[in-house]
Amino acid sequence: TLLDPQSGVARQELSPAYQGRGVEVLWYTIPAGGRTRAFPPLRPGTVAQLVLIQGTLACTIGAHGPTLGEGDALYFPADQPYANANPGPAPCHYLLILDASQAGARA
């Protein structure tokens, strides 16, 4: 588990065995009022699936983004900058699956 001491955001890698296959499964906890840093774009073709388990999450993907409630899911291309913030009064928890297994593959 990695904890950002400035923001209080915690990130836990749930799938170390899959990293060599281009897949990461991460568990995030963002404290009330907290936010992640802006993540840089990943390789073209990388996709992300985010599932909000608890709380509220304001997502910014490129220049746009929705606010999610508990149980909401979001699928997006991760080859653009993205960041997340918790506007709620309690910590939020979400799963983020990054899939780069097809990044760079040509059809």
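Please refer to the structure placed before this passage.
These lines cover the structure that appears in this document, whether it is placed above or below. All values reported here derive from a predicted model rather than from experimental measurement. (Residues numbered from 1 in each chain as written. Predicted model: local features only at pLDDT ≥ 70, side-chain atom pairs only at ≥ 80, totals over all residues. Heavy atoms only, no water.)

1. Some details on the overall build of the protein chain
So, point 1. What the protein chain contains, in helices and strands, is zero helices and nine strands.
So, point 2. Taken against the 2.2 N^0.38 rule, which gives 13 Å for 107 residues, the C-alpha radius of gyration of the protein chain at 14 Å falls within 12% of a compact globule.
So, point 3. Taken along its principal axes, the extent of the C-alpha atoms in the protein chain is 45 × 30 × 25 Å.
So, point 4. In the protein chain, of all internal contacts separated by at least 6 residues, the share reaching a separation of at least 24 is 64%.
So, point 5. Averaging the coordinates of the 6 positive side-chain charges in the protein chain and doing the same for the 7 negative ones gives two points 9 Å apart. (Helix = DSSP H or I, 4+ residues; strand = E, 2+ residues; numbered from the N terminus. Rg over C-alpha atoms; globule rule 2.2 N^0.38 Å. Contact = heavy atoms within 4.5 Å. Lys, Arg positive; Asp, Glu negative; His and termini not counted. Charge placed at Lys NZ, Arg CZ, Asp CG, Glu CD.)

2. Some points on the packing of aromatic side chains
So, point 1. As enumerated under the stated definition, the model contains four aromatic pairs in all.
So, point 2. For the ring pair Y28 and Y94, a centre distance of 5.0 Å and an interplane angle of 5° mean the geometry is stacked. Linking Y28 in strand 3 (residues 23-30) with Y94 in strand 9 (residues 92-99), this pair joins segments that are 66 residues apart in sequence.
So, point 3. Overall, Y28 belongs to the buried group, its relative accessible area being 4%.
So, point 4. Relative to Y82, the ring of F76 has its centre 5.4 Å away and its plane inclined at 65°; by these criteria the two rings are edge-to-face. For the pair F76 and Y82, a shared accessibility class is recorded, and that class is buried.
So, point 5. An aromatic cluster is present here, built from Y28, F39, F76, Y82 and Y94 joined pairwise through their rings. (Phe/Tyr/Trp six-rings, centres within 6.5 Å; stacked < 30°, edge-to-face > 60°. Buried < 20%, exposed > 50% of the residue type's maximum accessible area, 1.4 Å probe, protein only.)

3. Some words on the pairing of strand 2 (residues 10-13)
So, point 1. Note: strand 1 (residues 2-3) against strand 2, two bridges, orientation antiparallel. Across the sheet, residue L3 finds its bridge partner in strand 2, namely A10.
So, point 2. Between strand 1 and strand 2, which pair antiparallel and follow one another directly, the connecting turn spans six residues, one of which, G8, has a positive phi of 80°.
So, point 3. Sheet analysis places strand 2 next to strand 3, joined by four bridges and oriented antiparallel. Each bridged residue has a counterpart across the sheet, and for Q12 the counterpart in strand 3 is W27. (Pairing = 2+ DSSP bridges.)

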